[in-house]
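In case you want the letters, here they are:
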Amino acid sequence: KAVKIIYIPFDQKRLLIVRDEMQGFYTNNGYQIGGHEIRFNGSFSQENFHLILIFALEEAKKVLRKPFEVWIVYKHHLFANLIETWSRCVIHEARVYQPNHATDLLFQYFRSYGGNDLLMVTGNETGDILHEVLIFHLGIGTRNTLHSKNVYLHPDFKGLVEYQTVHGSADNIAGQGKINPFATLRALGALIEEQLNEESFSSLLENVLRKAEQEGVITSDMG
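Cut-offs and rules
- Residues numbered from 1 in each chain as written.
- Predicted model: local features only at pLDDT ≥ 70, side-chain atom pairs only at ≥ 80, totals over all residues.
- Heavy atoms only, no water.
- Helix = DSSP H or I, 4+ residues; strand = E, 2+ residues; numbered from the N terminus.
- Contact = heavy atoms within 4.5 Å.
- Polar contact = N/O pair within 3.5 Å; in protein donor to acceptor, adjacent residues only side chain to side chain.
- Phe/Tyr/Trp six-rings, centres within 6.5 Å; stacked < 30°, edge-to-face > 60°.
- Buried < 20%, exposed > 50% of the residue type's maximum accessible area, 1.4 Å probe, protein only.
- Lys NZ or Arg CZ within 6 Å of the ring centre and 35° of its normal.
- Salt bridge = Lys/Arg side-chain N within 4 Å of Asp/Glu carboxyl O.
- Patch = residues over 30% accessible without salt bridge, like charges linked within 9 Å, V, L, I, M, F, W, Y side chains within 5 Å.
- Areas by Shrake-Rupley, 256 points an atom, 1.4 Å probe, with all protein chains shown as cover.
- Pairing = 2+ DSSP bridges.
- Axes fitted to C-alpha atoms, helices over the stretch in contact; angles between N-to-C directions.
- Core = buried A, V, L, I, M, F, W, Y, C linked by side-chain atoms within 4.5 Å.

### What to know about the environment of Asp20
Then, number 1: With respect to the secondary-structure elements, Asp20 resides in strand E2 (residues 13-20).
Then, number 2: Expressed as a C-alpha distance, the spacing of Asp20 and Glu93, which sit 73 residues apart in the sequence, is 20 Å.
Then, number 3: Ignoring sequence-local partners within four residues, the contact set of Asp20 consists of Ala2, Ile52, Tyr74, Thr122, Gly123 and Asn124.
Then, number 4: Only 2.8 Å separates the side chain of Asp20 from the backbone nitrogen of Met22, close enough to count as a polar contact.

See below:
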């Protein structure tokens, strides 16, 4: 029972993406892999949706300015619109979109000047793709240079936060001096700032990384 959090400040607006890591293809309940067929099963539940949405609202209140918009992005029509019904029980004013519609609206949102901040709760698969698209579209770096974090909501692990690189591990090139360290450093910076209450630490780190980039102290993926 976890969610992935991605925070993107953009000019006059701020976007908070909360990815559902509890439900969907990435977290199926069981699977069988054969030579000619793959079978898997999973479930969505009102309980999980409420847990995610309550957390997302609390997180949004910390980093977004009120009033902020709320978008819920799932393939909700596949489930007789139950997802929409469950969502509105918690956030009545939320807008529930299909992924393709939300992608088009996101581009319009960022092209327009002004407007409210945005909280977007997505299925994990959709959020994974949208995150990559936004990194490219907004010109905010590469996935090799950015970080995100997982927050665990299960009662046994509540409060556990996992800071991680967006790109995952790169074990095949470990020890060769090729792995871009920017994402790891940014994850560490966020951890120190948020968990040790060292205000502005991430800003200080960003200045150091920017200077390194200007001086050409970079890895091959950055040119």
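Having put the structure on the table, let's press on.
### Things to note about the packing of aromatic side chains
Then, number 1: Scanning the model with the defined rule gives 8 aromatic pairs in all.
Then, number 2: Judged by centre distance (5.7 Å) and plane angle (50°), the ring pair of Phe49 and Trp86 falls under tilted. In this pair, Phe49 sits in helix H1 (residues 46-63) while Trp86 sits in helix H2 (residues 82-90), placing the two residues 37 residues apart along the sequence.
Then, number 3: Looking at Phe49, the relative accessible area reads 1%, which means it is buried.
Then, number 4: According to the relative accessible area criterion, Trp86 is buried, its value standing at 14%.
Then, number 5: Among the aromatic residues, ring-to-ring pairing joins Phe44, Phe49, Tyr74, Phe79 and Trp86 into one connected group.
Then, number 6: In this arrangement the basic side chain of Lys13 is found over the ring face of Tyr109, its NZ or CZ atom lying 4.2 Å from the centre.

### Overview of the pattern of salt bridges
In a structure, side chains of opposite charge can pair up when their charged atoms sit close to one another.
Then, number 1: All chains considered together, the criterion is met by 10 salt bridges.
Then, number 2: Here Glu84 and Arg88 are joined by a salt bridge, their closest N and O atoms 3.1 Å apart. Separated by 4 residues within a single helix, Glu84 and Arg88 lie in helix H2, roughly one turn from each other.
Then, number 3: By relative accessible area, Glu84 is classed as partly exposed at 22%.
Then, number 4: When its relative accessible area of 29% is taken as the criterion, Arg88 is described as partly exposed.

### Thoughts on the side chain of Asp117
Then, number 1: Among the secondary structure elements, Asp117 is positioned in the loop between helix H3 (99-111) and strand E7 (118-123).
Then, number 2: Looking at Asp117, its side chain comes within polar contact range of the main-chain nitrogen of Arg65, at 2.8 Å.
Then, number 3: For Asp117, the residues in contact, after removing those within four places along its chain, are Gln12, Lys13, Arg14, Leu64, Arg65, Pro67, Phe68, Glu69 and Tyr109.

### Observations concerning a nonpolar patch on the surface
Then, number 1: Nonpolar side chains collect at one region of the surface, where Phe25, Tyr26, Tyr31, Ile33, Ile38 and Phe40 lie side by side and expose about 730 Å² of accessible area between them.
Then, number 2: Note that Ile33 resides in strand E3 (residues 30-33).
Then, number 3: A relative accessible area of 64% means that Ile33 is categorised as exposed.

### Quick look at the sheet that holds strand E6 (residues 95-97)
By way of backbone hydrogen bonds, the strands of a sheet pair with one another, either parallel or antiparallel.
Then, number 1: Spatially, E6-E5-E7-E2-E1-E8-E9 is the arrangement adopted by the 7 strands of the open sheet, whose pairing is mixed. The sheet is open, and its two edges are formed by E6 and strand E9 (161-165), each paired on a single side. Each strand axis lies, on average, 25° off the axis of its neighbour in the sheet, ignoring direction.
Then, number 2: Here strand E1 (residues 2-10) pairs with E2 via 8 bridges, running antiparallel. Looking at the pairing, Val3 lines up with Asp20 of E2.

### Comments concerning the nonpolar core
Then, number 1: Within the largest apolar cluster, 26 residues are counted, with the highest numbers of intra-cluster contacts made by Val18, Ile72, Leu119 and Val121.
Then, number 2: Looking at this core, the elements with two or more residues in it are E1, E2, H1, strand E5 (69-73), H2 and E7.
Then, number 3: Broken down by element, this core gets its largest block of residues, 7 residues, from H1.
Then, number 4: When near neighbours in sequence (up to four residues on either side) are disregarded, Val18 contacts Val3, Lys4, Ile52, Ala56, Leu119, Met120, Val121 and Thr122.

### Thoughts on the pairing of strand E4 (residues 38-41)
Then, number 1: Relative to E4, E3 runs antiparallel, the two being bridged by 4 bridges. What sits directly across from Ile33, in E4, is Ile38.
Then, number 2: The turn joining E3 and E4, which pair antiparallel and follow one another in sequence, is formed by 4 residues.

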